[in-house]
Amino acid sequence: THDIHIIGGGLAGSEAAWQLAQAGHKVKLSEMRGSGSMTAAHQSDRLAELVCSNSFRSDDAERNAVGLLHQEMRDLGSLILGQGDIYKVPAGSALAVDRDGFADGVTAMLAGHPNITIVRERVDQLPGEGLTIVATGPLTAPGLADSIGSATGKESLAFFDAIAPILHFESIDFTTAWYQSRWNKGEGKDYINCPMSKDEYLAFHAGLIAGEKTEFREWENVPYFEGCMPVEVMAERGVDTLRYGPMKGVGLDDPRTGRWPYAVVQLRQDNASGTLWNMVGFQTKLKYGAQVELFRTIPGLENAEFARLGGLHRNTFIRSPELLDPTLRLKSRPNIRFAGQITGCEGYVESAAIGLLAGRFAAAELAGTTLASPPRETALGALLAHITGEAEVETYQPMNVNFGLFPPIEGRSKKADRKLMYTSRARAAFSGWISA
Ligand code: FAD
């Protein structure tokens, strides 16, 4: 027997299970991978598998909202951040991880916990009674998605986004490519750069536009997440859009010319041993053949061997601001909480953060107490408030944590100072909340 049933062992479900188990409650964690079911993006049966980038983004708790969120989660004993810190790989001021080591670490911690039972099964119906957390993510299996749809009385929203290709280190040509972080920030070997002349860039841009794409008619006219926009969609916005975005050459000195290149493709380390590198910002829905052909025109990647090509996937989430109460319970069926990306937060860290809160709210409920919500001035509080009511219902879209979700700081100040003001205010509010 168990005190609570968690459905989905991804970033959010793993974190929620850990928080509840650590508080002394018996958890049943159902995960469909490993029982014959798969999603379109996962590749293994490991819990907390990272489906795309291996980065938890900025780890700067003073000037960056996601860095601040990292810090708050560490202070609350987060399993995801704890294992992320253990399996960290070099990435400048970002926290990037060895994806296999990380997911193995999370799986082992949960499997070894005396209060957690992991069951490999697909759940097709929302449980009628008993405390439940639904953390089945953007790729929730269709049967359960239908069941959620009928319980909420609303259509779940379907989105798509794209994943970036990963290539083998030994296939990169270092007579053209070189190691350097932009403006020489971070460790010298965090990024590999592949430079382009103006002519090369223009030809590449034309190739992106002309390349054959996967058709997804049923999802046409659905907005993309900013930050995970397919490279060819950016290319369509204008000939220079990429050159001012992921392909910008500024702050990078091509050793062959001593100058900044006209444009650049950057690669970032993808695993601890440094054998795999991902193409930064190159999420794409180009067909596989078109990807290989076009990406091998990038100087330095003429002989590139790809470990994984880019792709396109479904993304399911509910209209949380309307459906959920402030502690993430479904208003119409309060025995059920939602956590992770299915609530409409966006990102590994945000998903785990909402899992952490769902776990803690449920733990308090099981203990017969209540947990005050984290203050709105904190990163956790700002994200939670957005999901559970602050966001516009009609235009609700997946959201990363950012200072725009925090209560504004009054008065005028320099941009750099403002970030510090947000984070120092947050730290004070967080300390007050923890001690209360
Ligand atoms: P998941 O980590 O997906 O976990 C959900 C789990 O539930 C899965 O293990 C799944 O197998 C299981 N499950 C689903 N249905 C059932 C069922 N019926 N019964 C039992 N188990 C079930 N975020 C980033 O920060 N960086 C990125 O680069 C990034 N890239 C992404 C690329 C793609 C293609 C997608 C779809 C999302 C991406 N995201 C990215 C967004 C998001 O942060 C991640 O998907 C994150 O893993 C979400 O965490 P989660 O716990 O909500 O869901």
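Residues numbered from 1 in each chain as written. Predicted model: local features only at pLDDT ≥ 70, side-chain atom pairs only at ≥ 80, totals over all residues. Heavy atoms only, no water.

(A) Here's a closer look at the sheet that holds strand 11 (residues 191-196). One open sheet accounts for 6 strands, arranged 10-11-12-13-9-14; its pairing is antiparallel. Every interior strand has two partners, whereas the edge strands, strand 10 (178-179) and strand 14 (306-308), have only one. Relative to strand 11, helix 6 (residues 198-210) is tilted by about 95 degrees, and along the sheet it contacts strand 11 and strand 12 (263-269). (Pairing = 2+ DSSP bridges. Helix = DSSP H or I, 4+ residues; strand = E, 2+ residues; numbered from the N terminus. Contact = heavy atoms within 4.5 Å. Axes fitted to C-alpha atoms, helices over the stretch in contact; angles between N-to-C directions.)

(B) Main features of the site of the ligand. In the vicinity of the ligand, 34 residues are found, and the nearest of them are Ala12, Glu31, Gln341, Gly347 and Tyr348. Ala12 places a main-chain nitrogen or oxygen 2.8 Å from an oxygen atom of the ligand. For the ligand, a nitrogen atom lies 3.2 Å from a polar atom in the backbone of Met32. When the free accessible area of the ligand is taken as 980 Å², the share hidden by the protein chains comes to 97%. (Near = heavy atom within 4 Å. Polar contact = N/O pair within 3.5 Å; in protein donor to acceptor, adjacent residues only side chain to side chain. Areas by Shrake-Rupley, 256 points an atom, 1.4 Å probe, with all protein chains shown as cover.)

(C) Highlighting unusual backbone geometry. One non-glycine residue with positive phi stands out, namely Trp183, at about 55 degrees. As for its position among the elements, Trp183 is in the loop between strand 10 and strand 11. For Leu328, which is not a glycine, the phi torsion comes out positive at approximately 75 degrees. Tracing the chain through its elements places Leu328 in the loop between helix 9 (320-323) and strand 16 (329-330). Judged by relative accessible area, which is 0%, Leu328 ranks as buried. (Buried < 20%, exposed > 50% of the residue type's maximum accessible area, 1.4 Å probe, protein only.)

(D) Main features of the environment of Ala48. Relative to the helices and strands, Ala48 is located in the loop between strand 2 (27-31) and strand 3 (55-58). Classification of Ala48 by relative accessible area gives buried; the value is 0%. For Ala48 and Tyr348, which are 300 residues apart along the polypeptide, the C-alpha to C-alpha distance reads 9.1 Å.

(E) Expanded view of the sheet that holds strand 16. An order of 6-2-1-7-17-16 is seen for the 6 strands of this open sheet, with the pairing classed as mixed. The open sheet has two edge strands, strand 6 (116-120) and strand 16, and neither has a second partner. Direction of pairing for strand 2 relative to strand 6: parallel, over a ladder of 5 bridges. Each residue of the ladder has a partner; that of Val27, found in strand 6, is Ile116. Across the sheet, helix 10 (residues 348-366) touches strand 1 (4-7), strand 7 (132-134), strand 16 and strand 17 (333-338), and the angle it forms with strand 17 is around 150 degrees.

(F) Representation of the pairing of strand 1. Side chains of strand 1 alternate between two faces, with Ile4 and Ile6 and His5 and Ile7 buried alike. The pairing of strand 1 with strand 2 spans 4 bridges and is classified as parallel. Within strand 2, the position partnered with His5 by the bridge is Lys28. For the segment spanning strand 1, helix 1 (residues 11-22) and strand 2, crossover handedness is right-handed. Across 3 bridges, strand 1 lies against strand 7 in parallel orientation. Bridge pairing in strand 7 links His5 to Thr132. (Right-handed = clockwise from strand over helix to strand, strands pointing away.)

(G) Main features of a nonpolar patch on the surface. Where nonpolar side chains cluster on the molecular surface, the patch consists of Trp183, Val250 and Trp260 and spans about 320 Å² of accessible area. Mapping Trp260 onto the fold places it in the loop between helix 7 (231-236) and strand 12. (Patch = residues over 30% accessible without salt bridge, like charges linked within 9 Å, V, L, I, M, F, W, Y side chains within 5 Å. Salt bridge = Lys/Arg side-chain N within 4 Å of Asp/Glu carboxyl O.)

(H) Examining the environment of Leu286 more closely. Of note, Leu286 is situated in the loop between strand 13 (276-279) and helix 8 (288-295). Leu286 has contacts with Leu208, Gly211, Glu212, Lys213, Thr214, Glu232, Gln291, Leu294 and Phe295, leaving out every residue within four places of it along the chain.

(I) Structural detail: the packing of helix 3 (residues 79-86) against helix 4 (residues 99-111). Close contact between helix 3 and helix 4 brings their axes to 9 Å; oriented N to C, the two are set at 135 degrees. As far as their axial angle goes, helix 4 and helix 3 are oblique. Remark: the crossing between helix 3 and helix 4 carries right-handed chirality. Here helix 3 contributes Leu79, Ile80, Gln83 and Gly84 to the contact with helix 4, which in turn contributes Phe102, Gly105, Val106, Met109 and Leu110. The class makeup of the residues in the contact of helix 3 with helix 4 is 6 nonpolar, 3 polar and no charged. (Parallel < 35°, antiparallel > 145°, perpendicular 65-115°, else oblique. Left-handed = near helix turned anticlockwise from the far one by under 90°. Nonpolar A, V, L, I, M, F, W, Y, C, P; charged D, E, K, R; others polar.)

(J) Seen up close, the side chain of Thr176. When you line up the elements, Thr176 lands in the loop between strand 9 (166-168) and strand 10. On the accessibility criterion, Thr176 (11% relative accessible area) is buried. Among all residues touching Thr176, those that are not within four sequence positions of it are Asn193, Pro195, Arg256, Pro299 and Gly300.

(K) Molecular detail of helix 2 (residues 65-75). Of all 11 residues in helix 2, 8 are buried, a share of seventy percent or more. Inspection of helix 2 places Ala65, Val66, Gly67, Leu68, Leu69, His70, Glu72 and Met73 among the buried residues, and these make up the whole buried set. Among the structural elements, strand 3, helix 3, strand 5 (94-97), helix 10, helix 11 (379-390) and helix 12 (415-435) are those in contact with the buried residues of helix 2. Where helix 2 terminates, the next one or two residues include Gly77, which has phi positive at roughly 70 degrees.

(L) Representation of the pattern of salt bridges in the model. Scanning the model with the defined rule gives 18 salt bridges in all. In this structure, Glu62 and Arg63 form a salt bridge, with 3.6 Å as the shortest nitrogen-oxygen distance. According to the relative accessible area criterion, Glu62 is partly exposed, its value standing at 46%. Note that Asp325 and Arg329 form a salt bridge whose closest N and O atoms lie 2.9 Å from each other. The class of Asp325 is buried, set by a relative accessible area of 12%. On the basis of relative accessible area, Arg329 is assigned to the partly exposed category, the value being 24%. Ionic contacts of the salt-bridge type, sharing partners, join the residues Asp325, Arg329, Arg337 and Glu365 into one network.

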